[in-house]
There are 2 protein chains.
Amino acid sequence: MPRHKGDHDARRRDVSAAVWRVLSTQGFGGLTMRAVAAEMGATTGLVTHYFGSKQELVEHALALLDERRQSRPRPEAPDGMAGLRAALADILPLTPEGAAGNRIWVGSWDAALGVPELAAGHGVRYAGARERIRHHVQVAQRQGEIPESDPDDLAASIQSFALGLIVQVLFDADAFPPERQLRLLDAFLASLEAG
Amino acid sequence: MPRHKGDHDARRRDVSAAVWRVLSTQGFGGLTMRAVAAEMGATTGLVTHYFGSKQELVEHALALLDERRQSRPRPEAPDGMAGLRAALADILPLTPEGAAGNRIWVGSWDAALGVPELAAGHGVRYAGARERIRHHVQVAQRQGEIPESDPDDLAASIQSFALGLIVQVLFDADAFPPERQLRLLDAFLASLEAG
């Protein structure tokens, strides 16, 4: 029955959109069946039809984060320092949408740290991100853009800088307007080039 | 009635200890009156006697974080690069206790971002931390340990590195044993000295 299937998928997308809106305003701490239902103007029963437990709701939210991240167009820049700068600028909260997405990611850390499998999942996600950074680092080293040093350590250090900057921006947007975020990024990248 | 007052304070300390244990295992997402009561083997009624709402419980947890941070002995090191290194090493999750405390801080971000006043409070906390870093930066610049550059920007960059490293360690402790954390810290500080 394709029509019924289509309805189901459409409704599931509505639920997902409501989950996203709850997360961006109330975070994972506010993500309850009741909050999602209220956001949709629906009954809690409708939401429990899609998610059997709070844990399933949290897992769905994390899957949504992955999905949105993967569906974003990747910045076009050649591998090496240019690609690294583009990739980092792409994840910084330079726009309201970027801030909302980052607010949800940062918020997910508490939920993930409370459940070993979810924490392991985040561990894998961040290891993957370091891997992508390391690729740029190795190309940059081959091209002589930055001096030789352990590329794994350098990737971890670069990711540290980016994640920590995101956190500070979220708590003090006035102190970190977009131009300052980019200035900090450029100064950090320049320090890598100096070695 | 001093005896009664003493009982009250002792019981309040018991509640605080239970809040701390709940946070270190379940995070802010798991911080409910019921969870704190279960941790104490007490009734939910007892906990609601101390906290009128979930929001009050979260505020108490954040106050506890502040209290514990302020009561920790400060590392003894002269101002400048030595003091900066000691201060950063002091906040990294190098021990199980350090990891537990950081897990609670990182977990607090979701709860704080959901409530404007709490987010503003965290903004003030992190601005204060940048201020302390900036002091070391300025002394280091005066002493010629690092080249001149905007000390506010450098402090923000240093804090970014530290916060982001903490997050990565929490999600992948095996990839970041204490000696690697310190190696990354030293390499980062060396890059500041190179300018």
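What you see is a predicted model; the values in this text were computed from it and never measured. (Residues numbered from 1 in each chain as written. Chains lettered and ligands numbered in written order. Predicted model: local features only at pLDDT ≥ 70, side-chain atom pairs only at ≥ 80, totals over all residues. Heavy atoms only, no water.)

### Quick word on the environment of T44 of chain A
All names here are of chain A.
Logical step 1: Mapped onto the fold, T44 is located in helix α3 (residues 44-50).
Logical step 2: Given a relative accessible area of 35%, T44 falls into the partly exposed group.
Logical step 3: Separated by 11 residues in the primary sequence, T44 and M33 have C-alpha atoms spaced 5.9 Å apart.
Logical step 4: In this view, T44 contacts M33, R34 and A37; residues no more than four positions away in its chain are not counted. (Helix = DSSP H or I, 4+ residues; strand = E, 2+ residues; numbered from the N terminus. Buried < 20%, exposed > 50% of the residue type's maximum accessible area, 1.4 Å probe, protein only. Contact = heavy atoms within 4.5 Å.)

### Thoughts on the relation of the copies chain B and chain A
Logical step 1: Expressed as a screw transformation, the operator carrying chain B onto chain A has a rotation angle of 180° and an axial translation of 0.0 Å, and the superposed copies differ by an RMSD of 0.0 Å. The transformation relating the two chain copies, once decomposed into turn and shift, fits a two-fold axis.
Logical step 2: The fraction of interface residues of chain B whose copies in chain A are also interface residues reaches 100%, indicating that both copies meet through the same surface. (Least-squares fit on C-alpha atoms with pLDDT ≥ 70 in both.)

### Things to note about helix α7 (residues 116-142) of chain A
Logical step 1: End to end, α7 of chain A covers 38 Å across 27 residues, agreeing with the expected 39 Å (1.5 Å per residue, within 8%).
Logical step 2: G144 of chain A sits one or two residues past α7 of chain A and shows a positive phi near 75°. (Expected span 1.5 Å × (residues − 1).)

### Observations concerning the UniProt feature "domain: HTH tetR-type" (unreviewed entry) in chain A
Logical step 1: Here, UniProt's "domain: HTH tetR-type" (unreviewed entry) annotation points to residues 9-69 of chain A.
Logical step 2: Helix and strand shares over residues 9-69 of chain A are 80% and 0% respectively, and the end C-alpha atoms of the span are 21 Å apart. (UniProt positions renumbered as here; feature names shortened; annotations may be inferred.)

### Quick notes on the environment of T25 of chain B
Logical step 1: Relative to the elements of secondary structure, T25 of chain B occurs in helix α1 (residues 2-26).
Logical step 2: Residues T25 of chain B and V139 of chain B lie 114 residues apart in sequence; the distance between their C-alpha atoms is 40 Å.
Logical step 3: What T25 of chain B contacts, discounting residues up to four positions off in sequence, is G114 of chain A together with R103 of chain B.

### Brief notes about the pattern of salt bridges
Logical step 1: Enumeration over the complete set of coordinates arrives at 24 salt bridges over all chains.
Logical step 2: Put simply, R134 of chain A and E131 of chain A hold a salt bridge, and the shortest N to O gap is 2.7 Å. Pair noted here: R134 of chain A and E131 of chain A are both in helix α7, with a separation of three residues, about one helical turn.
Logical step 3: Under the relative-accessibility criterion, E131 of chain A is labelled partly exposed at 42%.
Logical step 4: Here R180 of chain B and D153 of chain A are joined by a salt bridge, their closest N and O atoms 2.9 Å apart. Taken as a pair, R180 of chain B in helix α9 (residues 178-194) and D153 of chain A in helix α8 (residues 151-171) lie in two separate chains rather than in one. In terms of burial, R180 of chain B and D153 of chain A fall into one category: buried.
Logical step 5: Overlapping salt bridges, with partners in common, bring together D66, R69 and R125 of chain A in one network. (Salt bridge = Lys/Arg side-chain N within 4 Å of Asp/Glu carboxyl O.)

### Notes on the interface of chain B and chain A
Logical step 1: Opposite the 43 residues of chain B that make contact, chain A presents 43 residues.
Logical step 2: When chain B packs against chain A, the two sides together hide about 3,400 Å² of surface, and 57% of this comes from carbon and sulfur.
Logical step 3: Together, D110, L113 and F171 of chain B form the three largest contributors to the area buried by chain B at its contact with chain A, with a combined 23%.
Logical step 4: Between the two partners, chain B and chain A, sit 24 residue pairs in polar contact (both at pLDDT 80 or more).
Logical step 5: Of all the elements in the fold, those that place two or more residues in the side of chain B that touches chain A are α1, α6 (96-113), α7 (116-142), α8 (151-171) and α9 of chain B.
Logical step 6: Of the residues belonging to the side of chain B that touches chain A, the class tally is 20 nonpolar, 15 polar and eight charged. (Buried area = accessible area lost by both parts, 1.4 Å probe. Polar contact = N/O pair within 3.5 Å; in protein donor to acceptor, adjacent residues only side chain to side chain. Nonpolar A, V, L, I, M, F, W, Y, C, P; charged D, E, K, R; others polar.)

### Re the packing of aromatic side chains
Logical step 1: A complete count under the given rule lists nine aromatic pairs over all chains for this structure.
Logical step 2: Each ring, one from W105 of chain B and one from Y126 of chain B, has its centre 6.4 Å from the other, and the planes form 65°; the classification is edge-to-face. Of the two residues, W105 of chain B is situated in helix α6 and Y126 of chain B in helix α7; the sequence distance between them amounts to 21 residues. Note on accessibility: W105 of chain B and Y126 of chain B belong to one class, buried.
Logical step 3: Seen in terms of ring centroids, F161 of chain B and F188 of chain B are 4.1 Å apart; in terms of plane orientation they differ by 0°. Their pairing is stacked. In this pair, F161 of chain B is assigned in helix α8 and F188 of chain B in helix α9, connecting sequence segments 27 residues apart. For the pair F161 of chain B and F188 of chain B, a shared accessibility class is recorded, and that class is buried.
Logical step 4: Among the aromatic side chains, those forming a connected cluster through ring pairs are W105, W109, Y126 and F171 of chain A together with W105, W109, Y126 and F171 of chain B.
Logical step 5: In this arrangement the basic side chain of R68 of chain A is found over the ring face of W20 of chain A, its NZ or CZ atom lying 4.0 Å from the centre. (Phe/Tyr/Trp six-rings, centres within 6.5 Å; stacked < 30°, edge-to-face > 60°. Lys NZ or Arg CZ within 6 Å of the ring centre and 35° of its normal.)

### Description of the domain arrangement of chain A
Residues and elements named next belong to chain A.
Logical step 1: Split into domains, chain A comes out as domain 1 (2-68) and domain 2 (75-194).
Logical step 2: Between the C-alpha centres of domain 1 and domain 2 there is a distance of 29 Å.
Logical step 3: Residue-level contacts link 13 residues of domain 1 with 11 residues of domain 2.
Logical step 4: Roughly 1,100 Å² is buried in total at the junction of domain 1 and domain 2, and carbon and sulfur atoms are behind 71% of that figure.
Logical step 5: On the domain 1 side of the contact with domain 2, F28, L62 and L65 bury the most area, a combined 44% of that side's loss.
Logical step 6: Our count for the domain 1 to domain 2 interface comes out at one salt bridge.
Logical step 7: Between R125 and D66 there is a salt bridge; the shortest N-O distance is 2.8 Å.
Logical step 8: Going through the elements one at a time, α1 (2-26) and α4 (54-71) are the ones with two or more residues in the side of domain 1 that touches domain 2.
Logical step 9: For the side of domain 1 that touches domain 2, the element with the most residues is α4, which contributes six residues. (Domains from an automatic or database assignment.)

### A look at the UniProt feature "DNA-binding region" (unreviewed entry) in chain A
Logical step 1: UniProt's feature table lists "DNA-binding region" (unreviewed entry) at residues 32-51 of chain A, given in the numbering used throughout.
Logical step 2: Along residues 32-51 of chain A, the helical share is 75% and the strand share 0%, with 11 Å between the first and last C-alpha atoms.

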